[in-house]
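The chain contents come next:
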Amino acid sequence: MKRNLKKYAILLSMLLLLGCLSGCRNREEIKNELNIAFPVSPSTIDSALVSDTTSGDATSPFLSTLYVYDVDRKLVPGLAESYTNSEDGLTFTFKLRDNLVWSDGRKLTAGDFVYGLQRLADPEVGSNAVYFITECCEIVNAPQISIGQKPVSELGVSAPDNQTLEIRLARPCPYFLALTASINFAPCNREFCTSCGASYATSPETVLSCGPYVLDGFEPLATQIHYTKNPNYYNADEIKVESISAQVVANTQQAMMCYQANDIDITAVSGEYLELADGDSHLHTFSTASSFSLELNFTNEALKSLNIRLALAKSIDRDSIVKDVLRAGSFPLYRINPSGYYFETDGTDFAADPHQYDEYTGYDPAKAKEYWNKGLSEIGKSSVELELVYTNSMSSVAEALKAQMEKNLPGLTLKLKIITTKEYTSMKGEGGYDLFVSGWVGDYADPTTFYMQYVSGSGAVSFSDPKYDEAYQDCQSEDVATDPDERNKRLHKAEDILMQNVAVIPVFSQGRVCLIADGVEGLQYVPTGESMILTGLKKEVK
């Protein structure tokens, strides 16, 4: 299978001389096996601990959930065959499919879902994804359990019988069904997990599979991961690829070399390599619910000024950043909500008008300067120095922001500071910045996945406004739980308040961009872009 990648020839030849092919998994053409490159090693394959996209990609092939996404990115029954919701919207009752089994042959029961959710809530497990059940949709007693105030046995989940699961919420949650498709809601067998002790979910021998595939290879440091089709999966007939081999190739150059050498069928492409691949028919972009923005320190004297914030927001030429820095797969973002992941009841995109808030965020150097001068007058200064922090992957974006903002706002000095990924994860909660380039991929297909970040108390130095808090709670209230049109109106109102106050400065949204080999068809991602949909994925065998 020869790839039409002539435009990469010079680059690839140079890399060959440098020996970059050493990281590829040299292999013979293997039956119906899909070969995927991961950019980094997954941090975990424990469903309770998954909180990043690579770990989600690594875990979702061998675990399934109550509801799943089909090839059309629509929620459909998964391990559950149906559900009912009580009149008050607080109790979800799921009926599991008949004859569900784990990969070792033992029965998969509703009790496995109870234990899986108890582990998610358990402070001793220490999941970073516990907010799914304490904040996104609050399961009864989850907040208290997560901080050790109540035992996990008091979590609002129960199994009246082996095929019936009840989940009780503290308040109505219209998007709860979408949460059940998260890998964090996967079942876990108590007896097996306990027998593994601290080694649970560290090797094929210490996990049980209930998804489309069985995990049968997981090398030290997770440089190689292998899955084989699970014959006991409830939807096994729809799984067309017999096996998946995932290889960690951290260097994009090296990944492209492996792709050219036919060792990889699917690899992500980013940075300058997007320019090389531009126009190639093998290049595909998948939308995600992602927002890359400038987060603001609202304890900073200058940033307390709405005029200063408006000036910063309107001084950014997002089109130029996308075209000249980010290239394919990225889109300018002028509002909190990206497009393509949440829809009105009539099917129109919730964020159909990307320029709805141009009054506050649209690029306008003259207006930006006007706001800037007003802001400087308010704080009694002729210049302002701000520190902009970012991770290594955002270096080019940070440099572009600095150049544009300093050019359009005389008297502004942006000091750039690069931070580690570990520092980034604690940045919002602890402060210690003036501005930082923040990336957020929605956890579920609802605007509240973005909105909750700006409720008072979400961060030490973040936006806080009682009017917004009230609007956000209105979106969650019982009276709109069964009235989606009214709820959508309130969701729009909440976004209005955020944008009018420039609570955050959106910059761009970024899709997943992949090179996909000839003969591979049907690759799709869930609406938020967090993990692959494996149903319908095919590979032509030659």
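Residues numbered from 1 in each chain as written. Predicted model: local features only at pLDDT ≥ 70, side-chain atom pairs only at ≥ 80, totals over all residues. Heavy atoms only, no water.

**Overview of the state of the cysteines**
Counted under the stated rule, the structure contains one disulfide. Residue pairing for Cys137: its cysteine sulfur links by disulfide to Cys173, the two sulfurs lying 1.5 Å apart. Of the two residues, Cys137 sits in the loop between helix 4 (131-136) and helix 5 (142-146) while Cys173 sits in the loop between strand 7 (164-168) and helix 6 (176-179), which places them 36 residues apart along the sequence. In terms of burial, Cys137 and Cys173 fall into one category: buried. Here Cys188 is not cross-linked by a disulfide; its sulfur's nearest cysteine counterpart is in Cys193, at 4.1 Å. With no disulfide of its own, Cys210 lies 9.8 Å from the sulfur of Cys188, the closest cysteine sulfur. (Disulfide = S-S within 2.5 Å. Helix = DSSP H or I, 4+ residues; strand = E, 2+ residues; numbered from the N terminus. Buried < 20%, exposed > 50% of the residue type's maximum accessible area, 1.4 Å probe, protein only.)

**Details of the environment of Leu179**
Along the chain, Leu179 turns up in helix 6. Here Leu179 falls in the buried class, since its relative accessible area comes to 0%. Separated by 264 residues in sequence, Leu179 and Asp443 place their C-alpha atoms 8.0 Å apart.

**Quick look at unusual backbone geometry**
Only a minority of non-glycine residues have a phi that is not negative, and only a minority of peptide bonds are not trans. A positive phi angle is found at Asn99, which is not glycine, with a value near 60°. Examined against the element boundaries, Asn99 turns out to sit in the loop between strand 5 (91-96) and helix 3 (110-121). Judged by its relative accessible area of 73%, Asn99 is exposed.

**Some points on the packing of helix 17 (residues 466-476) against helix 18 (residues 484-500)**
Taken N-terminus to C-terminus, the directions of helix 17 and helix 18 make an angle of 160°; their axes are 8 Å apart at the nearest point. With respect to helix 18, the element helix 17 is oriented roughly antiparallel. Considering how the two elements wind past one another, helix 17 and helix 18 form a crossing that is left-handed. Judged by residue contacts, Lys467, Tyr468, Ala471, Asp474, Cys475 and Gln476 of helix 17 engage Arg487, Arg490, Leu491, Ala494, Ile497 and Leu498 from helix 18. (Axes fitted to C-alpha atoms, helices over the stretch in contact; angles between N-to-C directions. Parallel < 35°, antiparallel > 145°, perpendicular 65-115°, else oblique. Left-handed = near helix turned anticlockwise from the far one by under 90°. Contact = heavy atoms within 4.5 Å.)

**Brief notes about the confidence of the model for the chain**
In the predicted model, the chain carries a mean pLDDT of 89, and the fraction of residues at 70 or more is 92%. Per-residue pLDDT stays below 50 along residues 1-22; that stretch engages in 40 contacts with residues further than four places along the chain or on separate chains. (pLDDT = per-residue confidence, 0-100.)

**Things to note about helix 8 (residues 252-260)**
Buried within helix 8 we find Gln254, Ala255, Met256, Met257, Cys258 and Tyr259. Positive backbone phi, at 70°, marks Asn262, one or two positions downstream of helix 8.

**Some remarks on the sheet that holds strand 5**
On the basis of which strands lie adjacent, the open sheet formed by four strands has the order 4-5-7-6 and antiparallel pairing. If you trace the sheet from one side to the other, it starts and ends with strand 4 (80-85) and strand 6 (157-161), each paired once. For this sheet the average axis-to-axis angle between neighbouring strands, irrespective of direction, equals 20°. Of the pairings in the sheet, the one linking strand 5 to strand 7 comprises five bridges and is antiparallel in character. Across the sheet, residue Phe94 finds its bridge partner in strand 7, namely Leu165. Where helix 3 meets the sheet, its contacts fall on strand 5, strand 6 and strand 7, and the angle it forms with strand 6 comes to roughly 170°. (Pairing = 2+ DSSP bridges.)

**Some remarks on the pairing of strand 13 (residues 290-296)**
Among the seven residues that make up strand 13, seven are buried, leaving the element largely enclosed by the rest of the structure. Because side chains alternate across strand 13, one face comprises the buried residues Ser290, Phe292, Leu294 and Leu296, and the other comprises Ser291, Ser293 and Glu295, equally buried. Pairing between strand 13 and strand 17 (residues 435-441): seven bridges, direction antiparallel. Bridge pairing links Glu295 to Phe436 in strand 17. By the bridge criterion, three bridges tie strand 13 to strand 18 (residues 505-510) in an arrangement that is antiparallel. Looking across to strand 18, one finds that Phe292 is bridged to Phe508.

**Comments concerning the nonpolar core**
Counting 158 residues, the largest nonpolar core has Phe94, Phe176, Tyr451 and Tyr468 as its most contacted members. Top element by residues in this core is helix 3. It accounts for seven residues. Contacts of Tyr468, omitting those with residues within four sequence positions, involve Tyr451, Met452, Tyr454, Val455, Phe463, Ala494, Ile497 and Leu498. Within the second largest apolar cluster, six residues are counted, among which are Val389, Ile419, Met427 and Tyr433. (Core = buried A, V, L, I, M, F, W, Y, C linked by side-chain atoms within 4.5 Å.)

**Some words on the packing of helix 10 (residues 306-314) against helix 13 (residues 365-379)**
Here helix 10 crosses helix 13 at 155°, and the two axes come no closer than 7 Å. Considering their axes alone, helix 10 and helix 13 lie roughly antiparallel with respect to each other. Pair helix 10 / helix 13 crosses with left-handed handedness. When helix 10 is examined against helix 13, the residues Asn307, Ile308, Leu310, Ala311 and Lys314 are found in contact with a partner set consisting of Pro365, Lys367, Ala368, Tyr371, Trp372, Lys374, Gly375, Leu376 and Glu378. Of the residues in the contact of helix 10 with helix 13, the class split is eight nonpolar, two polar and four charged. (Nonpolar A, V, L, I, M, F, W, Y, C, P; charged D, E, K, R; others polar.)

**So, the pairing of strand 16 (residues 412-419)**
Alignment of strand 15 (residues 384-391) against strand 16, held across eight bridges, turns out to be parallel. What sits directly across from Val389, in strand 16, is Lys417. This β-α-β element, strand 15 to helix 14 (residues 395-408) to strand 16, shows right-handed connectivity. (Right-handed = clockwise from strand over helix to strand, strands pointing away.)

**A short note on the pattern of salt bridges**
Note on pairing: side chains with opposite charge can pair once their charged atoms come close. Overall, the coordinates contain 13 salt bridges when judged by the stated rule. One salt bridge connects Lys374 with Glu370, and the closest N-O pair in it is separated by 3.6 Å. One end of the pair is Lys374 and the other is Glu370, both in helix 13 and four residues apart, which spans about a single turn. Exposure remark for Lys374: the relative accessible area of 43% places this residue in the partly exposed category. When the shortest N-O distance is used, the salt bridge between Arg487 and Asp446 registers 2.8 Å. (Salt bridge = Lys/Arg side-chain N within 4 Å of Asp/Glu carboxyl O.)

**Here's the deal with the sheet that holds strand 18**
Ordered by their spatial adjacency, six strands build an open sheet running 14-18-13-17-15-16, and the pairing between neighbours is mixed. Of all the strands in the sheet, just strand 14 (330-332) and strand 16 have a single pairing partner and so form its edges. Taken pair by pair, the neighbouring strands of this sheet meet at an average axis angle of 30°, ignoring direction. Against the sheet, helix 10 engages strand 13, strand 15, strand 16 and strand 18, with an angle of about 30° to strand 18.

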